[in-house]
Amino acid sequence: MSITKSLITPPNKKDQAYSTVAIEAMESLGQSGIYLQDDPDRDKPVEYDGQIPKNLDMLSNDELASLMVVHQAWTSYLNGCHSGSAASLKTSERALKGIKASITQERGKDYVLSDPRYIEADARVLFYEIKTDIISDILKDARNNYQLMSRLITLREQDMSQTTRRNVLTSSHRGRNR
């Protein structure tokens, strides 16, 4: 065996080398005291899936404030899931590049796209792309829903302020007419 061929890492070894990088990075962050809130048993709000009630405008201020707190926890959970998925996507993409290079060296570029090792690695990249995209869309909805709740509180405050001013003006006007 030539020295050049002995230095070539086979596709399966490259795949193994990248397979745990995302998990190891998240574990390292955890050891540093940085926790990604992506554990459904610990971080996902109980009995809440990010859907705001249809009768949002009928909730009391206290109910709305409670909903905003649980919704913020939901958004934090989604952010953790997104970070984990994005990390897995990045490592899968890197593995795919390495696998493609190895197969090209081993069999030639005409065989890369039909090689089962490449197809498996490409499918993993696609999985994490789709997962990350879906979580991004859900996060966008969560942010929009939070803005909606915040806007509702602002409108209520403006309405209360206008009512107070009206009452003050009405009572001062009555006092002058006496």
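Rules behind the numbers
- Residues numbered from 1 in each chain as written.
- Predicted model: local features only at pLDDT ≥ 70, side-chain atom pairs only at ≥ 80, totals over all residues.
- Heavy atoms only, no water.
- Helix = DSSP H or I, 4+ residues; strand = E, 2+ residues; numbered from the N terminus.
- Rg over C-alpha atoms; globule rule 2.2 N^0.38 Å.
- Buried < 20%, exposed > 50% of the residue type's maximum accessible area, 1.4 Å probe, protein only.
- Contact = heavy atoms within 4.5 Å.
- Areas by Shrake-Rupley, 256 points an atom, 1.4 Å probe, with all protein chains shown as cover.
- Lys, Arg positive; Asp, Glu negative; His and termini not counted.
- Charge placed at Lys NZ, Arg CZ, Asp CG, Glu CD.
- Axes fitted to C-alpha atoms, helices over the stretch in contact; angles between N-to-C directions.
- Parallel < 35°, antiparallel > 145°, perpendicular 65-115°, else oblique.
- Left-handed = near helix turned anticlockwise from the far one by under 90°.
- Nonpolar A, V, L, I, M, F, W, Y, C, P; charged D, E, K, R; others polar.
- Core = buried A, V, L, I, M, F, W, Y, C linked by side-chain atoms within 4.5 Å.
- Patch = residues over 30% accessible without salt bridge, like charges linked within 9 Å, V, L, I, M, F, W, Y side chains within 5 Å.
- Salt bridge = Lys/Arg side-chain N within 4 Å of Asp/Glu carboxyl O.
- pLDDT = per-residue confidence, 0-100.
- Expected span 1.5 Å × (residues − 1).

### Overview of the overall build of the chain
Then, number 1: Summing up its helical and strand segments, the chain has five helices and zero strands in all.
Then, number 2: Shown N-terminal to C-terminal, the secondary structure of the chain runs as helices and strands in the order α-α-α-α-α.
Then, number 3: Here the chain has a C-alpha radius of gyration of 27 Å; the compact-globule value for 178 residues is 16 Å, and the former is much larger.
Then, number 4: Counting only C-alpha atoms, the chain reaches 110 × 35 × 25 Å along its principal axes.
Then, number 5: Here the chain holds 178 residues, and the buried ones make up 26% of them.
Then, number 6: Long-range pairs, those at least 24 residues apart, make up 75% of the contacts in the chain with a sequence separation of at least 6.
Then, number 7: Within the structure as shown, the chain displays about 12,600 Å² of accessible surface, and the carbon and sulfur contribution to it stands at 53%.
Then, number 8: Positive and negative side-chain charges in the chain, numbering 24 and 24 respectively, have mean positions lying 8 Å apart.

### Focus on the packing of helix H3 (residues 21–31) against helix H4 (residues 61–107)
Each pair of packed helices can be summarised by the angle the axes make with each other and by the distance between the axes.
Then, number 1: Axis separation between H3 and H4 bottoms out at 8 Å; the angle between their running directions is 140°. The angle between H3 and H4 falls in the class oblique. In the crossing of H3 with H4, the sense of the turn from one axis to the other is right-handed. Between H3 and H4, the residues in contact are Val21, Ala22 and Met26 and Gly84, Ala87, Ser88 and Thr91, respectively.
Then, number 2: Partitioning the contact of H3 with H4 into residue classes produces four nonpolar, three polar and no charged.

### Considering the nonpolar core
Then, number 1: One finds Ile52, Leu56, Leu67, Trp74 and Met149 to be the most contacted residues of the largest nonpolar core, which totals 16 residues.
Then, number 2: Among the secondary structure elements, those contributing two or more residues to this core are H4 and helix H5 (116–176).
Then, number 3: With seven residues, H4 is the largest single contributor of residues to this core.
Then, number 4: Ignoring anything within four residues of it in the chain, the contact list for leucine 67 reads Tyr48, Ile52, Pro53, Leu56, Leu59 and Met149.
Then, number 5: Grouped together as the second largest cluster of nonpolar side chains are nine residues, Leu89, Tyr118, Ala121 and Tyr128 included.

### Thoughts on a negative patch on the surface
Then, number 1: A contiguous patch of negative charge, built from Glu93, Asp122, Glu129, Asp133, Asp137 and Asp141, is present on the exposed surface.
Then, number 2: Tallying contributions element by element places H5 first for the negative patch, with five residues.
Then, number 3: Residue placement: glutamate 93 occurs in helix H4.
Then, number 4: Given a relative accessible area of 35%, glutamate 93 falls into the partly exposed group.

### Quick word on the confidence of the model for the chain
Then, number 1: Of all residues in the chain, 92% attain a pLDDT of 70 or more, and the chain-wide mean is 89.
Then, number 2: Element-level pLDDT for the chain is lowest in helix H1 (residues 3–6), with a mean of 56, against a maximum mean of 94 in H4.

### Examining H4
In an α-helix, one turn spans 3.6 residues; hence positions three or four apart end up facing the same way.
Then, number 1: The first and last C-alpha atoms of H4 sit 67 Å apart over 47 residues, in line with the 69 Å expected at 1.5 Å per residue.
Then, number 2: Directly after H4, the chain includes glycine 108, whose backbone phi takes a positive value near 105°.

### A closer look at the pattern of salt bridges
Then, number 1: Summed over all chains, the structure comprises five salt bridges.
Then, number 2: One salt bridge in this structure joins arginine 124 and aspartate 15, with 2.4 Å as the shortest N-O distance. With arginine 124 in helix H5 and aspartate 15 in helix H2 (residues 11–19), the pair connects residues that are 109 residues apart, well separated along the chain.
Then, number 3: Here arginine 117 ties to glutamate 106 by a salt bridge, and the two come within 2.7 Å at their closest N and O atoms. On the criterion of sequence distance, the pair formed by arginine 117 in helix H5 and glutamate 106 in helix H4 is long-range, its members being 11 residues apart.
Then, number 4: The network of salt bridges with common partners includes Glu106, Arg107, Asp115 and Arg117.

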